[in-house]
Structures are given as structure tokens and as C-alpha cells.
Amino acid sequence: MIFRYCLQAKNVFFLGEQVFLIGPGAGIETCHMLRQEGRQGDRGRVLIELENVSYSYGGGQLLSDVSMQLAPGSFHFLTGPSGSGKTTLLKLCYGALAPTTGRLSVFGEDMGRLDRDQMAMMRRRIGVVHQDCRFLDHLTLAENVALPLLVSGRDPKGEEENLKELMQWVGLGPRAEAHPPELSGGERQRAALARAVILSPDIVLADEPTGNVDWDMSQRLLRLLGELNRMGKTVLVATHDLSLIRAAKSQVQARVLRISQRKLQLAGADL
Amino acid sequence: MIGALSRNLLKGDKRADRVVPPSGFTANLTLFVSGAMAFLAVFALALSLASGRVADRWASELARSATLRINAPAEQRAAQTEAALRVLRQTPGVAEARALTLEEQAALLAPWFGPDLPVDALPVPQLIEIIEDEPGYDPSGLRLRLSAEVPGAVLDDHGRWRRPLVDAANALRRLALISVLLIGGATAAMITLAAKASLAANAQVIEVLRLIGARDSFIAGAFVRRFTLRTLLGACAGTLFGMTAVLLLPGASEAGGFLTGIGFQGIGWVLPLLIPVTGAAVAFAATWVAARRKLKELS
């Protein structure tokens, strides 16, 4: 049922009964099929495109002449040393920052031309897992995860079943009524991932999703991200953890982008 | 956007309201201040209406009337009165001129000298009541002519002492109206401060909402609803207390004069009912502007 979230925005494919929950090792073929379909639907369309984008802040230039394309269904890692601008690049992608120079288009639209409401609409199609998760501490975990439904005008009550399944998918079913400060780092990251995908976005951006969790938990998060990618989602994960990238190679077909000296480069196949 | 906000406001949205954490104590402060402001507004309004009534009454009762006093020896009084009446009838702008009868003059003097005064035995001047026409006569021209033809006549234009009273009443009305406006402005300022404090305290919430795709109208709506409803509630209570207090004031009476006339009359009782609505509208606008400004700072 998790697919319902993942696919409905693309007005594709197998909604409802034909789609089944994918656990580890289950339903891979269905997934594969969906992915093919998803790609056909988006053929030739680049979701996020940066052309010669630079970003400067008061103290100087952080990113210079960055060009990048995120194609539908792709999986990218974004790596680089701390402070190299990974978070900034992600922020540029979801419009939290505007490029100093260059052109940035999302879903074929020039980001600089979007008005505030269009920006909100665009963000509903991009799920973001923030480094610090960004929860509202006075709401329960389930309410936090369902928040995008609420702000987009959908009735979270009508989607309770789906919400439950989503919480189970990230392994937080029993913690639904807990408040964010009561959660461990791994639980928070998984909840953030659930919130990022509840509106069935086309793109999932994750900023150091494994920053505060142990190895097992980071593997678990990586598996979830891999599952999303197999369902046709475009995924971009910023991380400085090279061993995570190596571990991912066996699960997904990922490209690695590296920020070095303010430039973005496609890293070689082996790390 | 304002339209969507007002619709949202009327519909109400418990879930969306939960998004902004409850503010506890400060909520009560907003309630209290809007209540106090509404209470004061009721009084200012009552004062303004009362002074307006007084000004109108004095202006209309005394307007367009004047008195001609004829101080003449007893034997000439009748002749001079006749002459004065003749002059007055020929004066353009005088609608009516009428010599007061002895009984009427006695009635005028009765409050001072008692009812048994032998007016006819005293050298009381003859009074002539003049009712002006539209657009009125020229008092200096009339005086000149009277001084030539009726040496004992003194024209007493009521405007001379009426005007300062009417002016005073009008000034009072203006002051009361300014007070109502100031109360409205102070309410707007207070709600703006409260809303700004709340927006600042919830900056994180607003940022998160914006990041997950909330439109400005959704975020502003959560705050606008909260402050508008609070102000409405407080102002309703304040107005109710204010109206009760005004109702309990002693009723208008001749003996009390102006002071006992403070209050509402007839349709005037509807006016204070507009205070909560106006207060809510002011809160709505103030919060909306504050929220809008805050949101502009975010992408």
C-alpha cells in the first residue's frame, strides 16, 4: 500500500489492490515493472536541472559554476567534506535558497519565476529529509508524519490506514503516539523519511540521513531509500560517509557527485 | 487570499489550529486587553453620542431665533415696540417677529422672582421674539437700522452665548470620537505586538510548515484565526460589561442636565454591538499584515 503514496502523484499506474507492500525481498518484480513504467512516463524530462549555478554568502563563494541534472528514477549520492556546500546544494534544489547566479529549474519550471504559492506546490512534489529532521515537538509522531497531508488540504482522517502502513514501513508503528523529543536519532530519521514521502513526491532529497545513527540503522535507512528508488522515485542523498556509499552499491545503481573546491564533479565508479 | 482566509476563519479548522502550539498565559492577556478596550470603547461611544445629542439639541432649539429687548420709558414702550415690529417685518431674512405678552414675560421671570410678581407694575423691558428665515438676516445692518428708528431696542442674538456651548459639546463629541479611534488603533497595535511575539516564538513551526509545502494562507490562517477569535471573544465580554454599566447609569433627566444624558437611546443601542465585530476585523487585519510580513522573510 505504500506504493499508493509513491505513485499517485505521477498519475501512473497500479493503484490500490494490485500493489502490495514491499518488505525485504518481497515484490521486487512488481517494483521493477513500476519503475520501468515510471521512467517511460517521464522520458526525456529532467526533474531538477542546475545550469552554471553559483551560490555566494556574505563571506564568499561556496558553490561555483555547478551544473547538474537529476533524471527521473535516478539515485545520486552527494558527497564532499564538511562545509563544502552539500546542504546548500540541497537547499537550492528545494528552493530554501536562491542561486546567486545561474539557472535552476525544477519540473521544467524556472525556480526564480515561481511565486510563493507555486513554490509551496513545488515543495509538495519534493520530499526532504532534513539533517535535523525538523519536527513540531508539540505534535505526536503520527501527526508530524501526516503534517504534509494537512497543509496540502487533504484530510488526514481519510488517510489513516495509509498513514498506519507508512509508519509500519519505516518501523515506527508502535511509536505513533510518541512525541519527537522522546525518539532516538534513528527513529527520528525514519520518521522524517516517512514525512518526506507521505505526499508521494517525485523526488526525495535526504541531507545526512544517517548522520546521527549507528551502522545498522544507517543500513536500514539506506534500504528504505533504495526501495523508494526502485519504485521510481528520484533520490539524492547528501552524505560524507563513504562507507555508506560503498554499501549502497550492492543495493542500488547510484551515481556519486562530489563537491570539491566549490565545484561539483561526477566521482569515479570506485571510491 | 483574504477571501480564503475569511472562509477558513468561518469554517474553523481544529487540526490546522493544532499546528501552532497553544500559547497559554499570553492568550489570556489578549483576551483581557481586547475586553478592556471594548469596555472603554463602549463608554467613549456613549459619551460621543450623548454630546452629539446635546450639541444638536442646543443648536436646533436656539438656532434661528433672537430676542429684541426694548428698554424704553413706559409711555413710549408701545410705540417703540410697534416701530420695532415694523422694522423687523421689513427686514429680509426675518421670518417671524412677535411681541411677547405680559403673561409670557411673567412666566419667563417666574423662576427667579416667584409666580406672584406684578410684572405690569415693574419697568420690565418688552421682549420681541424673532424667528429667522433661511439664510438669515444681517444682524449688524438690523442693529444700525434699529438704532436709528427704535433707540431703546437691543438686539440679543442667541448665537452669542449659544455658540460656545454648541462648540463645547461638539468638541466633546470630537474628543470622544478620537478616543474611539485611538482605542481601535491601540487594539490594532496590541494585537500586532501579540501576533508578532507569537510569530517570533513560532518561527520554527512556520519554517517547517513552509518547507513541507504549506501555502502562506494556511500558515497565516492558523495565526489569524487564533487572534481574531480571541479578540472577538474578549471584545464581546468587554462590550457586554460596558453596556451593562451604561444601562445602570442614572437615566436622562432635566435636573441632571448633560451628565445624566450619557448613554444610548433607541437605535443607538445597536452601535456598541458593532464594537466586537470591528475589534475582530482589526485583529484580523493586524495579524494578517504581521504574518504576511513575517512570511516574506522566508522563501
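Described below are features of the structure shown in this document. Small disclaimer: the values here were computed from a predicted structure and weren't measured.

Here we take up the overall build of chain A. Looking only at helices and strands, one finds nine helices and ten strands in chain A. Counting all 271 residues of chain A, 56% fall into the buried class. Put simply, of all contacts in chain A between residues at least 6 apart along the chain, 70% involve residues at least 24 apart. Accessible surface, chain A: about 11500 Å² in total, of which carbon and sulfur atoms supply 46%.

To continue, consider the sheet that holds strand β2 (residues 94-99) of chain B. All names here are of chain B. Taken in spatial order, the four strands line up as β2-β3-β1-β4 in an open sheet, and their pairing is antiparallel. The sheet is open, and its two borders are formed by β2 and β4 (153-157), each paired with just one other strand. Looking at each pair of strands side by side, their axes are set apart by 20° on average, direction ignored. Sheet topology places strand β1 (residues 65-70) next to β4; five bridges connect them, and they run antiparallel. Counterpart to Arg69 in the pairing with β4 is Val154. Of the strands in this sheet, β1 and β4 are in contact with helix α6 (residues 139-149), which crosses β4 at around 165°.

Between chain A and chain B, the contact holds 24 residues from the first and 22 residues from the second. Between chain A and chain B the total buried area reaches about 2300 Å² when both faces are included, carbon and sulfur atoms providing 56% of it. Remark: the boundary between chain A and chain B carries four salt bridges. For Arg134(A), the salt bridge is made with Glu207(B), and the minimal N-O distance between the two is 3.3 Å. At the surface where chain A touches chain B, the tally comes to ten residue pairs in polar contact (both at pLDDT 80 or more). Broken down by element, the side of chain A that touches chain B gets its largest block of residues, seven residues, from helix α4 (residues 116-124) of chain A. A per-class count over the side of chain A that touches chain B returns twelve nonpolar, three polar and nine charged.

So, on to helix α7 (residues 185-197) of chain A. Each turn of an α-helix holds 3.6 residues, which means side chains three or four residues apart point in the same direction. All names here are of chain A. Between its first and last C-alpha, α7 extends 19 Å over 13 residues, near the 18 Å set by a 1.5 Å rise per residue. α7 sits mainly inside the fold: eleven of its 13 residues count as buried. Taken together, the buried positions of α7 are occupied by Gly186, Glu187, Gln189, Arg190, Ala191, Ala192, Leu193, Ala194, Arg195, Ala196 and Val197.

Glancing now at the packing of helix α4 (residues 74-90) of chain B against α6(B). A pair of packed helices can be characterised by two numbers: the angle between their axes and the separation between those axes. Residue and element names in this part refer to chain B. It is at 10 Å that the axes of α4 and α6 come closest, and there the two elements cross at 150°. Here α4 is positioned roughly antiparallel relative to α6, judged by the angle of their axes. Every pair of crossing elements has a handedness; the one defined by α4 and α6 is right-handed. Where α4 approaches α6, its residues Ala84, Val87, Leu88 and Gln90 are matched on the opposing element by Leu142, Arg145, Leu146 and Glu149.

This part is about the sheet that holds strand β6 (residues 126-129) of chain A. Residue and element names in this part refer to chain A. Taken together, the six strands give an open sheet; going across it, the order is β6-β7-β8-β3-β9-β10, and neighbouring strands pair in mixed fashion. Only two strands of the sheet have a single neighbouring strand rather than two, namely β6 and β10 (263-266). Each adjacent strand pair in this sheet contributes to an overall mean axis angle of 20°, direction not counted. Relative to β6, α7 is tilted by about 170°, and along the sheet it contacts β6 and β7 (203-207). Helix α8 (residues 215-230) rests against β3 (75-79), β7 and β8 (234-238) of the sheet, and its axis sits at about 140° to β3.

This part is about the pattern of salt bridges. Oppositely charged side chains may form a pair once their charged atoms are brought near each other. Enumeration over the complete set of coordinates arrives at 18 salt bridges over all chains. A salt bridge links Asp117(A) to Arg215(B), with the shortest nitrogen-to-oxygen separation between them at 3.7 Å. One end of the pair, Asp117(A), is in helix α4; the other, Arg215(B), is in the loop between α8 (203-211) and α9 (216-248), on a second chain. Given the relative accessible area of 32%, Arg215(B) is considered partly exposed. A salt bridge links Asp202(A) to Arg125(A); the shortest N-O distance between them is 2.9 Å. In this pair, Asp202(A) is assigned in the loop between α7 and β7 and Arg125(A) in the loop between α4 and β6, connecting sequence segments 77 residues apart. For Asp202(A), a relative accessible area of 3% translates into the label buried. Within the structure, one salt-bridge network assembled from shared partners comprises Arg116(A), Arg210(B), Asp216(B) and Arg292(B).

Attention now goes to the pairing of strand β1 (residues 48-57) of chain A. Residues and elements named next belong to chain A. In this structure, β1 lies alongside strand β2 (residues 60-70), joined through seven bridges in antiparallel fashion. Note that in β2 the partner of Val53 across the bridge is Val66. Counted between consecutive antiparallel strands, the loop separating β1 from β2 contains two residues. With five bridges joining them, β1 and strand β4 (residues 101-106) adopt antiparallel strand pairing. For Glu51, the partnering residue across the bridge sits in β4 and is Arg103.

Rules used in this analysis
- Residues numbered from 1 in each chain as written.
- Chains lettered and ligands numbered in written order.
- Predicted model: local features only at pLDDT ≥ 70, side-chain atom pairs only at ≥ 80, totals over all residues.
- Heavy atoms only, no water.
- Helix = DSSP H or I, 4+ residues; strand = E, 2+ residues; numbered from the N terminus.
- Buried < 20%, exposed > 50% of the residue type's maximum accessible area, 1.4 Å probe, protein only.
- Contact = heavy atoms within 4.5 Å.
- Areas by Shrake-Rupley, 256 points an atom, 1.4 Å probe, with all protein chains shown as cover.
- Pairing = 2+ DSSP bridges.
- Axes fitted to C-alpha atoms, helices over the stretch in contact; angles between N-to-C directions.
- Buried area = accessible area lost by both parts, 1.4 Å probe.
- Salt bridge = Lys/Arg side-chain N within 4 Å of Asp/Glu carboxyl O.
- Polar contact = N/O pair within 3.5 Å; in protein donor to acceptor, adjacent residues only side chain to side chain.
- Nonpolar A, V, L, I, M, F, W, Y, C, P; charged D, E, K, R; others polar.
- Expected span 1.5 Å × (residues − 1).
- Parallel < 35°, antiparallel > 145°, perpendicular 65-115°, else oblique.
- Left-handed = near helix turned anticlockwise from the far one by under 90°.

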